[in-house]
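# Examining the three-dimensional arrangement
Spelled out, the chains give:
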Amino acid sequence: MTSEPTRPVSPVIIGGVKVALGMFQALYALARLIPARDRIVFLSRQADSATPDISALRDQLIVDDPSVRVTVLARKMKSDTDIFYGLHLVRQVWHLAHARRIVLDSYSFLTSNLSLAAGTSVTQMWHAIGSFKRFGWDDIPAGNARRRQLATVLRMHAGNTRVVASSEVAANN
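Note that this is a predicted model, so its numbers are computed, not measured.

## Here's the deal with the packing of aromatic side chains
Following the criterion strictly, the structure yields 1 aromatic pair and no others. Centre to centre, the rings of Phe24 and Phe109 are 6.3 Å apart; their planes meet at 70 degrees, and the pair counts as edge-to-face. Placement of Phe24 in helix H1 (residues 11-33) and of Phe109 in helix H4 (residues 109-113) is noted, with a sequence separation of 85 residues between them. Overall, the relative accessible area of 8% leaves Phe24 in the buried class.

What follows is the structure in structure tokens.
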């Protein structure tokens, strides 16, 4: 098996990420100035609609406390240059600015990189219903230095407050 050639992430890409992050941070700060009701926000990149695990959790939260506002923002990124996903991130900024509790089912660029308001919790579900994912870096192939570098540049999972994960014992059940 041959390994992929290793070429570093372009400084242009790194610069673009930093510019985008600065714009998102400014939008977040502006959105925080506008009063809105607190909410629980679910972010998903797994599908264009709420996945069954997110739907079940959302529905139970509403049953437990009908006054809670639960927002699900689901959009699958179609490609690395998906402009519409970029617009979806702008929408996410508004909801994140008014959320005290954020639940993810995969990596989120915004929660890993924005300076979120004090007291905001970010919970990462590793495919919480069904088989559990053990480690956030599992989806980066071993020996792929470029993907690992990109994950480091994007601060993959850096903003998580807690992770819902499984132990090896769950694999036997």
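## Topic: the side chain of Ser44
By secondary structure assignment, the location of Ser44 is in strand E1 (residues 39-44). For Ser44, a relative accessible area of 2% gives the class buried. Within the structure, Ser44 has its side chain in polar contact with the backbone nitrogen of Gln46 (distance 3.1 Å). Look past the residues within four positions of Ser44 in its chain and what remains in contact with it is Thr51, Ile54, Leu73, Ala74, Arg75 and Asp105.

## A word on the pattern of salt bridges
Within this structure, the stated rule accounts for 2 salt bridges. Across the pair Asp48 and Lys78 runs a salt bridge whose closest N-O atoms are separated by 2.7 Å. Placement of Asp48 in the loop between E1 and helix H2 (52-64) and of Lys78 in the loop between strand E2 (70-74) and helix H3 (83-97) is noted, with a sequence separation of 30 residues between them. Classification of Lys78 by relative accessible area gives exposed; the value is 51%. We note a salt bridge from Arg58 to Asp59, for which the minimum N-O separation is 3.0 Å. Asp59 gets classed as partly exposed once you look at its relative accessible area, which sits at 39%.

Definitions and cut-offs
- Residues numbered from 1 in each chain as written.
- Predicted model: local features only at pLDDT ≥ 70, side-chain atom pairs only at ≥ 80, totals over all residues.
- Heavy atoms only, no water.
- Phe/Tyr/Trp six-rings, centres within 6.5 Å; stacked < 30°, edge-to-face > 60°.
- Helix = DSSP H or I, 4+ residues; strand = E, 2+ residues; numbered from the N terminus.
- Buried < 20%, exposed > 50% of the residue type's maximum accessible area, 1.4 Å probe, protein only.
- Polar contact = N/O pair within 3.5 Å; in protein donor to acceptor, adjacent residues only side chain to side chain.
- Contact = heavy atoms within 4.5 Å.
- Salt bridge = Lys/Arg side-chain N within 4 Å of Asp/Glu carboxyl O.

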